[in-house]
Every structure is written in structure tokens, then in C-alpha cells.
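For reference, the chains in residue letters:
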Amino acid sequence: MWNRISVGIAAMLATVVCGVAMAAAEYKIVTASEKGTYYAIGQDLSKHVAPAADINLEVLATSGSAANIKALRYDAGVKFAVVQADVYQAFIDRAAGGSTEAASIIRPLRVILPLYNTEIHYIVRADSELNYLHDIKNAKINGGLVGSGAALITHTLYRMMFNGPIPEASASFLSNEEALVKLITDKSVDVVVVAAGQPAPLIANMKPEAQKFIKLLKFDPNHPASKPALAVYAPATVRAASYPNLLTADFTTISVGAFLVTYDYNLKGTVDYMGKFARSLCQNFATLQAEGHPKWKEVEMGQPTLPPGWTYYPPTSREIKACLARSARPAVRPSKKCSAEERILGLCN
């Protein structure tokens, strides 16, 4: 009887142990608004990459990149973040300038993969006299929620173009949705800035009738006011195909890079999961490009040189490099003509 009980207990323990071993890790990724491209990128990673790495990846909507960096640094369970390049660089610059708080936040963070350029959409009323970014001086501008990448871009770009900050009375920090309502109703806002890779869901989902109410501003790289911005940001083409309900032709806007980042984890269990995530990311990259957000088509799987102060996360970097090396190897060996003697000796098939 005791033998039967012992066997039963052993079987139960084995089941529990196996269940623990097979349990997926519960991780989180911080993105931006649910109607933004970063959120869609997080959903793609959760659907097409995380399962093969034994990870249940929860996608969290946030106010944007600055909030994402802090969440990655301090919030339990947050292992990944999508972050704008200029926001990441701003923390590095402040750390280099002597900010101990910025240094504490940014120094342990690491890059997994450069993603794509995020287009910055400047929206005004359809009847507005504004047509270009260099026209917005003294306009009432909504840059998005405090802590968002769009807010940082809005204020940084304005300062670069006009040699001074947006006047306090002209700046607002409303959500995109609330700001758009004010843009076309009480007109307390003149410009709404939406930072999202095209097609940005918030804009792409607008009805054709929206043309009666809004239009998008262009960026002129050759205008004198635009020149300083090109040291940090890059021109980008907004395609009419991205917003067929609003546009009839492509035009130029400004953009900023986006990155998938993590923390410099060193616990073996976490390191193992992060390595499996990177391996799955590489192996399922074609699926992301075929079935994920259109922005995945602009992403290159690789580890290009990063700006000074930026560092790749070694465990994921090794996996990505190894995966790329394997995929670069010839799949089939060149055929070789065998002699009779080689076949007899088993040296050739």
C-alpha cells in the first residue's frame, strides 16, 4: 500500500515539476496609444514571436516613449519597450550632462533591434493658412500627452526650427483624440501632432468626409528653418496609399527612428527567455513582414552600429547574429562526382 502511495505521490510531484517547467513566462511590452503603430508592433510580437519563446507577452498601452523607458526600468514584469530614438538619446544626453536620475534610468537599458522610422503627422484644419511645418510658429500646438514621444518631438523640433520654445500659452498636452475634437470644434488647438508609423490607425480609420475638416502639413527639407532639424530627424514620404480617404498624392514629412529595447538582465532564467525571444524573432521575421503591421516591411533583421552611448543586449545580439549566420549558409552542398573507389570506401554517397 505504501508503495502505491509513494508511486502516486511521485507521479503528482512529477506532474507539478513538469507543469512548472512548461509554464510560459509572463512578460509585458510597453508601447503607446492603442490606436498607434507601436501598440500594433507589440501585438505582432505577442502573436508571432513570443509563443515560440515560451512567453505570454502582454501588450500595454502607455503615454509614449518617455513613460516606456521608465516603465522598463522600474515596473515589474515589463521586459520590452518600443522607444523613439530621440527620447532615448535625450536620456543619454542628460546623463552625460550630469543628471544622476537620467543616468540611473538609461545606463542599464539595452537595444534588441532597430525598427523603422516613425512618421510625424502634423494635422491642421482644412481651411488653415498653414501648409508647411515652417508655418507653425505662434500656432496653438498639441504635442500629445506628457511623457509621449510626440510631445518631445513637437517641442524639440519647434525649438530647433524657431530658436525658442513653444510659448506656454500655445502648448497643450491632450490626447490625440481630444485635441482633434478641439481642432475642428472650438478651435482652441491649431495643430495636432501624431507620431506614428504609417498607416497610423487614428488617421487611416478616418472617413472620406474628414477631408472637409483636416489636412496634413508638409515638411520642406530645403527651407532654412528646417535645416537644424535634419541633425536629429530625417525626411520621410507619407504615401497616399496609407491614407486613401484623405490623400491624393504622396508628400514629405519628418520622421524619427524607433527601437525595440530591453534591460541588461543577468539572471539565468531571464537571459534564457530573452535569448529564445531573439531566436524566435529572427526565425519568424518573414511572418512579421507578411502578416504584421506594414511597417515591418521597413525593418531589417540585423545589428547595425549604434550611436555613441547605445549598447545592444548581448544575449539577444548573439542569437540574432547566429540566426542570420545559419540562414546565410548554403542549404544544399554542391554535388560531387564520386569515383568507384570512394563509394566502396564509404567516402562519398
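All values reported here derive from a predicted model rather than from experimental measurement.

Participant: Please provide a residue-by-residue account of the overall build of the chain, values included.
Facilitator: Of the regular secondary structure elements, the chain holds 12 helices and 10 strands. A total of 349 residues make up the chain; the buried ones form 48% of that total. Summed over its atoms, the accessible surface of the chain is roughly 17700 Å², and 56% of this surface lies on carbon and sulfur atoms.

Participant: Go over the side chain of His134 with me, naming the residues and quoting the values.
Facilitator: Tracing the backbone shows His134 in the loop between strand E4 (109-125) and strand E5 (141-142). Setting aside residues up to four positions removed in sequence, His134 forms contacts with Met161, Phe162, Asp220, His223 and Ala225.

Participant: Account for the pattern of salt bridges, naming residues and giving values.
Facilitator: The full count for this structure, using the stated rule, is 9 salt bridges. Between Glu119 and Lys295 there is a salt bridge, with its nearest N and O atoms 2.7 Å apart. Of this pair, Glu119 sits in strand E4 while Lys295 sits in the loop between helix H10 (285-291) and helix H11 (314-328), and the two are 176 residues apart along the sequence. Owing to a relative accessible area of 3%, Glu119 belongs among the buried residues under this scheme. Given a relative accessible area of 0%, Lys295 falls into the buried group. Through salt bridges that share partners, Glu119, Arg239, Lys295 and Glu298 make up one connected network.

Participant: Quick rundown of the environment of Ala40? Include the residues and the values.
Facilitator: Assignment of secondary structure puts Ala40 in helix H2 (residues 37-48). Each C-alpha atom, one on Ala40 and one on Pro294, is 10.0 Å from the other, the two residues being 254 residues apart in sequence.

Participant: Hey, could you go over the confidence of the model for the chain for me, with residue numbers and the actual values?
Facilitator: Detailed reading of the predicted model is not advised wherever pLDDT is low. Averaged over every residue, the pLDDT of the chain is 89; residues scoring 70 or more account for 87%. A low-confidence stretch, residues 9-21 (pLDDT under 50), is modelled with 0 contacts involving residues beyond four sequence positions or located in other chains.

Participant: Describe unusual backbone geometry, and please don't skip the residues or the numbers.
Facilitator: In the segment running from Gln198 into Pro199, the intervening peptide bond is cis, with an omega of -5°. Of note, Pro199 is situated in the loop between strand E7 (191-195) and helix H8 (201-204). Although it is not a glycine, Asp54 adopts a positive phi angle of roughly 60°. By secondary structure assignment, the location of Asp54 is in the loop between H2 and strand E2 (55-60). Of note, the phi angle at Asn163 is positive, near 60°, even though the residue is not glycine. Secondary-structure assignment places Asn163 in the loop between helix H6 (149-162) and strand E6 (171-172).

Participant: I'd like a rundown of the environment of Leu133, residues and numbers included.
Facilitator: With respect to the helices and strands, Leu133 occurs in the loop between E4 and E5. What makes Leu133 buried here is its relative accessible area of 1%. Between the alpha carbons of Leu133 and Lys218 there is a distance of 6.2 Å; along the sequence they are 85 residues apart. Excluding residues that lie within four positions of it along the chain, Leu133 makes contacts with Tyr122, Leu157, Met161, Phe162, Leu217, Lys218, Phe219 and Ile254.

Participant: Could you give an account of the nonpolar core, naming the residues involved and the relevant values?
Facilitator: What tends to happen in soluble globular proteins is that the nonpolar side chains get buried as a cluster. Leu45, Leu115 and Ile136 are the most contacted members of the largest nonpolar core, which has 86 residues in total. Ranked by the residues each element gives to this core, the list is headed by E4, at 9 residues. With near-sequence residues (within four places) excluded, Leu45 lies in contact with Ile29, Ala50, Pro51, Leu57, Leu260, Phe277, Leu281, Leu288 and Trp296.

Participant: Provide a residue-level description of the side chain of Asp190, including the pertinent values.
Facilitator: The residue Asp190 is located in the loop between helix H7 (176-184) and E7 in this model. A relative accessible area of 15% places Asp190 in the buried class. Among the polar contacts made by the side chain of Asp190, one reaches the side chain of Arg125 at a distance of 2.9 Å. Excluding its chain neighbours within four sequence positions, the residues that come into contact with Asp190 are Ile123, Val124, Arg125, Ala139, Lys140 and Leu183.

Participant: I'd like a rundown of the layout of surface pockets, residues and numbers included.
Facilitator: Empty space among the atoms becomes visible once a probe the size of a water molecule is rolled across them. The space that makes up the largest pocket amounts to roughly 520 Å³. As for the largest pocket, its lining consists of 29 residues, and the residues nearest its centre are Ala85, Asp86, Gly257, Phe259 and Trp310. Looking at the lining of the largest pocket, the elements with two or more residues in it are helix H4 (85-96), E4, H6 and strand E10 (251-263). For the lining of the largest pocket, the element with the highest residue contribution is H4, accounting for 6 residues. Split by residue class, the lining of the largest pocket holds 18 nonpolar, 6 polar and 5 charged. Space inside the second largest pocket adds up to approximately 350 Å³. Lining of the second largest pocket is provided by 23 residues; of these, Ala32, Ser33, Ser63, Asn176 and Ala195 occupy positions nearest its centre.

Cut-off values and rules
Residues numbered from 1 in each chain as written. Predicted model: local features only at pLDDT ≥ 70, side-chain atom pairs only at ≥ 80, totals over all residues. Heavy atoms only, no water. Helix = DSSP H or I, 4+ residues; strand = E, 2+ residues; numbered from the N terminus. Buried < 20%, exposed > 50% of the residue type's maximum accessible area, 1.4 Å probe, protein only. Areas by Shrake-Rupley, 256 points an atom, 1.4 Å probe, with all protein chains shown as cover. Contact = heavy atoms within 4.5 Å. Salt bridge = Lys/Arg side-chain N within 4 Å of Asp/Glu carboxyl O. pLDDT = per-residue confidence, 0-100. Core = buried A, V, L, I, M, F, W, Y, C linked by side-chain atoms within 4.5 Å. Polar contact = N/O pair within 3.5 Å; in protein donor to acceptor, adjacent residues only side chain to side chain. 1 Å grid on protein atoms, 1.4 Å probe; cavity = no way out; pocket = protein on both sides within 12 Å on 5 of 7 lines; lining within 4 Å. Points joined across faces, edges and corners; volume = space filled by probe spheres on them. Nonpolar A, V, L, I, M, F, W, Y, C, P; charged D, E, K, R; others polar.

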